[in-house]
Structures are given as C-alpha cells and as structure tokens.
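# A closer look at the structure
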Amino acid sequence: MLIRRIKCLKYLGTRYNSSHYVTTPIFYVNAAPHIGHLYSAVIADAHCRYQRLRYPELDVRLCTGTDEHGTKIQQAASLHGVPVAKYCDDISQRYREVFRSASIQQDDFIRTTEDRHKRAVANFWRTLYTRGHIYSAAYSGWYCVSDETFLTDSQLRLDEATGTRYSLESGHPVEWTEETNYMFRLSQFQDDVRHWVKTEARIRPAKFEKILLDTLSEPLPDVSVSRPSNRVHWAIPVPDDDSQTVYVWLDALVNYLSSVGYPDEKFSVHWPPAQQVIGKDILKFHGIYWPAFLLAAGLEPPGQLYVHSHWTVDGQKMSKSKHNVVDPLQAAQQYTMEGLRYFLLREGVAHSDGNYSHVKAQRILNSELADTLGNLLSRASAKSLNPGQIYPSTSAEHLADLLRSLDAAKRLQDSLLQLSERCASHYECNHFHLVADTTMAALHAANNFFESSKPWTLKAGAPDGNQARLETIIAMTMDALRLSGIVLQPIIPQLANRLLDKLSVPTAQRGWNYLAESFATSPNSSNSHPGFGESRQLDGQTSALLFQRILEETAAKEVNQQQPQPAKRSKSKKKERRETIS
Ligand code: MSP
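Residues numbered from 1 in each chain as written. Predicted model: local features only at pLDDT ≥ 70, side-chain atom pairs only at ≥ 80, totals over all residues. Heavy atoms only, no water.

### So, the nonpolar core
Worth spelling out the cut-off: Put simply, a nonpolar core is a bunch of buried Ala, Val, Leu, Ile, Met, Phe, Trp, Tyr and Cys residues held in one set by side-chain atoms that sit within 4.5 Å of each other. Exposure is judged per residue with a 1.4 Å probe applied to protein chains only, and the accessible area is read against the type maximum: over 50% gives exposed, under 20% gives buried, and values in between give partly exposed. All the domain ranges listed were derived from an automatic or database domain assignment.
Leu38, Phe124, Phe184, Leu257, Trp271 and Tyr356 are the most contacted members of the largest nonpolar core, which has 167 residues in total. A domain-level breakdown of this core finds at least three residues from each of domain 1 (17–133 + 185–308) and domain 2 (371–537). With 5 residues, the next largest nonpolar core counts Trp142, Cys144, Leu151 and Leu156 among its residues.

Written out as structure tokens, the structure is:
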C-alpha cells in the first residue's frame, strides 16, 4: 500500500509542484568548518544557482544549518570549558560566516536548538508514536559517540592489545551501553525503503545506490530513537516522557521539515525535497532511516539523494590530530573564495575521494582562471588594441570571411554552439567538473582564435590596419568570454559577475537562454551580442584583471605549510576517475 502511495505522490509531485527544495546536511557544531563541510554546501549552492538560471519559473529553495544536540556537542563544549549553548552559538556563527564568504545563497539557515525545530520534532515524534511505529524496550549495544550511532558486532573491530572496539567504517571508538530506550520499527519498512531506493536515479552517483541495496539485502534491525535524559541531556525531550531525549539523528533529520514550516500545512508547498546533498559517511541515515521515518509518518521521501565522496589532504584523511584540517577562510586568503569554490567543484567528483593539495590548486587556478579566462579578457580589453574600451559589434562581412578562412574561427564557433547543451546536461547531473572542462575547452578555442587572427596587425597605424576586422575579432572573443561567464555563474558567481560586469552585459541578459545569442548562432548578423545593436562601452569601473596568478612561494607557504608536497596525479588516473562517473 505504501509503495502505491509513493508512486502516486511522485506523479503528483512532478506534475504540479514548481518547488525545487534542496538541502545540505546540517553541520555538527563540535568543531570549526573545514573544506569538506564547505564542499557539501558548494555542491548544493551550485546546483541551486543552475536551477534558478535555467528554470527561472522554478521556486528554488536552499536550506542549510547546524546540528547542535547530542553527547558529542556536550563533550566538545565541556572540553573547551564553555557553556554548551554558547559553544553552539559560536560555532554555528562560524558556519554562517564561511557560507557568507563563499557566496552560499541559502534561503534558510536552521539550528536544531531553535524553537521552531523543537516543535517540529515533537510533532513528528507524536505522529510516529500515534501511528504505532515506536515502542519502549530494554536495549543494549555498542554506541559510537563520534558517529552518534549504535553499531552491531559485525560493524566493529577489536583492538586486542587494549580491548577497545572501534567502528570499522569511521575508526571511532565505541562504548557498551545498556538502557531503556524507545525503538522505531525500522524492520517493517525494509521493502518500502528498498523500493524507494530502486526508483530511477533516486541515489546518485549509482555506486551509492548499490551500497544501499547491499545493506538492504540483510534484515534491518529496529533502531533506538531515544536516550535516557540523564545520559544525554543536551537534546530535545521525548514528548510526554522527560526521562528520555530524542535520538540526535531523528532530531537532526527533521530539520529538513522544520525549515519549510512543518508541522504547519505550509510545509507541503516545498515538500518533498527535490535533492538532498550528503556526504558518503551519512548515507545510511539518509538512505535508510530517513525514508523509513518519513513513510512511517505518512510523508513523501525525498526525490533524490546526491552523495559525494570525501576530501583528503595530500592523500590523508583530514583530522585534528594530523594537523591537516584545511580552514576554508584561511585557504581563501591564498586562492580567494571564488578560487576555492572553483577548485572544489573543478577537481572534486562525487563518486570518489578527491585529494586537496596546494600545488594542485595553484596549478589549476593559474592555468584556468588566471591564464585561460583572465588573460583573454585582459588581452581583448587592452588599451593598445581596444583604445575605445568597447565590446564591439561584428561586421557581417568580416565575420563571414573569418569563419571561411580561419580554422580557429570555425572551431570557436563549433565549440560555442555546443556549449549550452553540453553544459546543461552536465549541470543536470551535478557534474560540475565537466562543465568546467567544457567551458575551458571553449575558452581554449577562443584563445587560439585570438592568437591565430593576429589582431595586433590590424590596429590603427599597423600595415594591414582594418578597424572593422579588428573589432569583429574582439567581438567574437568577447562573445566567447560572455557565454563562458553565463555558464560559470553557478560555479564562481562573483567572478562570473565581474566578467559580465566588465563586458557591460545587463543583468537581464545573463540567463541561460542568452547562450543562444552570439556570433556563433547568427553568423550573418552584425549584432553578435543580444539586445546591444551597436557596440557597447566596457565598464570602466570594473578591473580587467579577473584572477591574480598565485605565486609559487605563496602557494607553498601559508596554509598548512607542514604538508609534504604531493606527487602529481598521472593523466591516465585522472581520466579514469572522470570516466567512471555514473
Ligand atoms: N550532523 C550530521 C549531519 C546531519 S544531517 C541531518 C553530520 N555533520 S558533519 O558536520 O559531520 O558533516 C556534514 C557534512 O560534511 C557531511 O555531508 C559530510 O560528509 C561532510 N564532510 C565531512 N568531512 C568531509 C570531508 N573530509 N570531505 C568531504 N565532505 C566531508 O554528519
């Protein structure tokens, strides 16, 4: 019956719902934000920015926030000798600052210590309870505080020397716990959850769908959904039973509902989320517990879980003890936040771990943002070649001649003609690295064209001086820059804006549909840029220096200077990594 209900709701959802609700995980406030956390947020942000750009009629909503309850937070606050509420305020604020500085365009930042959330959790609990999905039982098992989860024997490793057991997956220690808890009848939802997971493109990349289905091939045990208040006091009390507090994962998952106004009816405007971005370590909670809780409460589970892998630093897991945790604000001092965003989305692929290294970041940013993109803008707007500081219009005659006589012009045209469709299909799958690849290929073609057409031989006073031809070359180059700027807005919003500002592209002409208007699509027209008609003045207020090259010494210095220099990844390995995406 439940299965039929999911199908039916799904149908209604696609047909009538113009909401596109996207979430990031909410971040634990036991430690400061690092680039791994920022990565979850940047993926969700780029996804939403693309949706807004491509489908202006869609009501896109992005929610992020902080996860503030539980033993782990209790312990972190007491370790720092700070009252737990203040500790949460401080770290939550740091997340806000990082996200603001990284241009994360969130519609809501939710904290699980807020009243609106506590009310939602209490309501959700009562719904599960009244529907008979929660019962009280004596429970014993191994609890992992770091992961805030009970683990079975098969999920543990015993260190014979010390007698300590550790989680096989996360490596964190566990402790034996015997207590009376409320249990959720997870076992009864096995088939429904499996059916939900198997629905086309529910879990992406596909490798994570397989992992979930493997877990679901074994019987699911019921799960504890409360802890005694005397053990975990920094948590939401179980309604009508003060001796227990709500299990932190149930509490945390409900944030996705609280943010859209649950339990008030208005929440259904946005429900269910179209896409929930999560890291691979929290797949079980989002891919099994979450749909089961929702189905038990009579609510529709999310449309898609987009699961990303992790960042290592020079091949090692980030951890405080290894002193290799990369602080986004510190990294941004070197690369700028736009540079950091570009690096994370350009180098990260969801299906396998990415390696963060300064050498690699420096190489990519210098070659792509400084040289391929920035340098082309500087050249096309250099006073020596472009003394009037204009975005010229093309001459139909010279355009036709260039396209006929110069291979590089034809190649640029071909590449711009494919840009919109190719990048759209990559964006639809969150394959941001392929959007960057495709755009850089177009910009390489533009650089090539600029070089081969030798505009410096055409400027006034040069032997072959021909202003109309020179302006056509500059216009074609600026068209390539303009289209690249439009495409890159979701990945590097500020940098793309500056590029489009410099080119005097009106805000209303930065939408995805404007990719269809350039010399490439209208080779017979003299108005290459849409709505301009005639040549435009470049914006004198905006610098033509888009991205400052990162110097060798700087890159090797500041952030995490104790890290050894990594070996370069071979090209074939990189290729292999990219080709296995599903
Ligand atoms: N609070 C839970 C999530 C609750 S959602 C209802 C949590 N928080 S977390 O702060 O530990 O992690 C938040 C996100 O950061 C997760 O998606 C996690 O995968 C991601 N990352 C944490 N370390 C990471 C890397 N080293 N690399 C990439 N992402 C990483 O889990």
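From this point, the narrative continues.
### Focus on the packing of helix H2 (residues 35–54) against helix H12 (residues 337–347)
Worth spelling out the cut-off: Helix axes are fitted to C-alpha atoms over the stretch in contact, other axes to C-alpha atoms as well, and angles between N-to-C directions run from 0 to 180 degrees. Put simply, DSSP marks the helices as runs of H or I at least four residues long and the strands as runs of E at least two long, and each gets a number from the N terminus on. Throughout this description, any angle smaller than 35 degrees is read as roughly parallel, any larger than 145 degrees as roughly antiparallel, any in the 65 to 115 degree range as roughly perpendicular, and the remainder as oblique. Pairs of residues are marked as contacts when any of their non-hydrogen atoms sit within 4.5 Å. Note on residue classes: Ala, Val, Leu, Ile, Met, Phe, Trp, Tyr, Cys and Pro are nonpolar, Asp, Glu, Lys and Arg are charged, and everything else, Gly too, is polar.
At their nearest, the axes of H2 and H12 sit 10 Å apart, and the two run at 85 degrees to each other. Relative to H12, H2 is oriented roughly perpendicular. Seen from H2, the contacting residues are Ile35, Leu38, Tyr39, Val42, Ile43, Asp45, Ala46 and Arg49; seen from H12, they are Met337, Leu340, Arg341, Leu344 and Leu345. Tallied by class, residues from the contact of H2 with H12 come to 10 nonpolar, no polar and 3 charged.

### A few points about the environment of Tyr87
Considering the arrangement of structural elements, one finds Tyr87 in helix H4 (residues 84–101). In this structure, the C-alpha to C-alpha distance between Tyr87 and Val29, residues 58 residues apart in sequence, is 7.9 Å. Excluding residues within four positions of it along the chain, Tyr87 makes contact with Val29, Asn30, Ala31, Ala76, Ala77, His80 and Val82.

### Considering the UniProt feature "domain: Methionyl/Leucyl tRNA synthetase" (unreviewed entry) in the protein chain
Condition: UniProt positions are given in the numbering used here, feature names are shortened, and annotations may be inferred rather than shown by experiment.
Per the UniProt record, "domain: Methionyl/Leucyl tRNA synthetase" (unreviewed entry) is found at residues 20–380. Helix makes up 41% of residues 20–380 and strand 23%. Its end C-alpha atoms lie 39 Å apart.

### Observations regarding the site of the ligand
Put simply, the rule is: Summary of the distance rule: residues count as near a molecule or strand when at least one heavy atom falls within 4 Å of that molecule or strand. Two N or O atoms form a polar contact when they lie within 3.5 Å of each other; inside protein one atom must be a possible hydrogen donor and the other a possible acceptor, and for residues adjacent in sequence the pair counts only when both atoms belong to side chains. Working definition of accessibility: Shrake-Rupley area with a 1.4 Å probe, residue cover restricted to the visible protein chains.
With respect to spatial proximity, 24 residues lie near the ligand, and among them Ile26, Asp67, Gly279, Asp281 and Trp311 are the closest. Asp67 has a polar side-chain atom sitting 2.7 Å from a nitrogen atom of the ligand. Within the side chain of Asp281, one N or O atom sits 2.5 Å away from an oxygen atom of the ligand. In isolation the ligand has 660 Å² of accessible area, and contact with the protein removes 93% of it. Where the shell around the ligand is concerned, the elements lending two or more residues are strand E2 (27–28), H2, helix H8 (248–253), helix H9 (255–258) and strand E15 (275–279). Tallied by class, residues from the shell around the ligand come to 12 nonpolar, 10 polar and 2 charged.

### Describing the pattern of salt bridges
Which entries qualify depends on this criterion: Salt bridges are identified by distance alone: a Lys or Arg side-chain nitrogen within 4 Å of an Asp or Glu carboxyl oxygen.
Tallying each qualifying case throughout the model produces 28 salt bridges. Of the charged contacts, one joins Asp45 and Arg49 as a salt bridge, the two residues approaching to 2.9 Å between their closest N and O atoms. In this pair, Asp45 and Arg49 both sit in helix H2, 4 residues apart, roughly one turn of the helix. We classify Asp45 as buried; its relative accessible area is 0%. Salt bridges sharing common partners tie together Arg61, Asp108, Glu114 and Arg116.

### Here's the deal with the environment of Thr180
With respect to the helices and strands, Thr180 occurs in strand E9 (residues 175–184). Considering only alpha carbons, one finds Thr180 and Val84, 96 residues apart in sequence, at a separation of 26 Å. Beyond its immediate chain neighbours, meaning those up to four positions away, Thr180 contacts Ser136, Ala137, Ala138, Pro228 and Gln244.

### Thoughts on helix H3 (residues 71–79)
Of all the residues in H3, the buried ones are Thr71, Lys72, Ile73, Gln74, Ala76 and Ala77. On its buried side, H3 packs onto E2, strand E3 (59–67) and H4. Positive backbone phi, approximately 65 degrees, marks Gly81, located one or two places after H3.

### Regarding the sheet that holds strand E12 (residues 226–228)
For sheets, the rule is that strands pair by backbone hydrogen bonds, running either parallel or antiparallel. Heads up, the rule is: If DSSP finds at least two bridges between two strands, the strands pair.
One open sheet accounts for 3 strands, arranged E12-E14-E13; its pairing is antiparallel. Only two strands of the sheet have a single partner each, and these edge strands are E12 and strand E13 (237–238). In the sheet, E13 pairs with strand E14 (residues 241–246) via 2 bridges, with the strands oriented antiparallel. The residue bridging Val238 from the neighbouring strand is Asp241, located in E14.

### Side note on unusual backbone geometry
Look at the link from Arg204 to Pro205: it is a cis peptide, with omega at -5 degrees. When you line up the elements, Pro205 lands in the loop between strand E10 (203–204) and helix H7 (206–216). Cis geometry is found at the peptide bond from Trp271 to Pro272, where omega equals 0 degrees. Summarising the element assignment, Pro272 is placed in the loop between H9 and E15.

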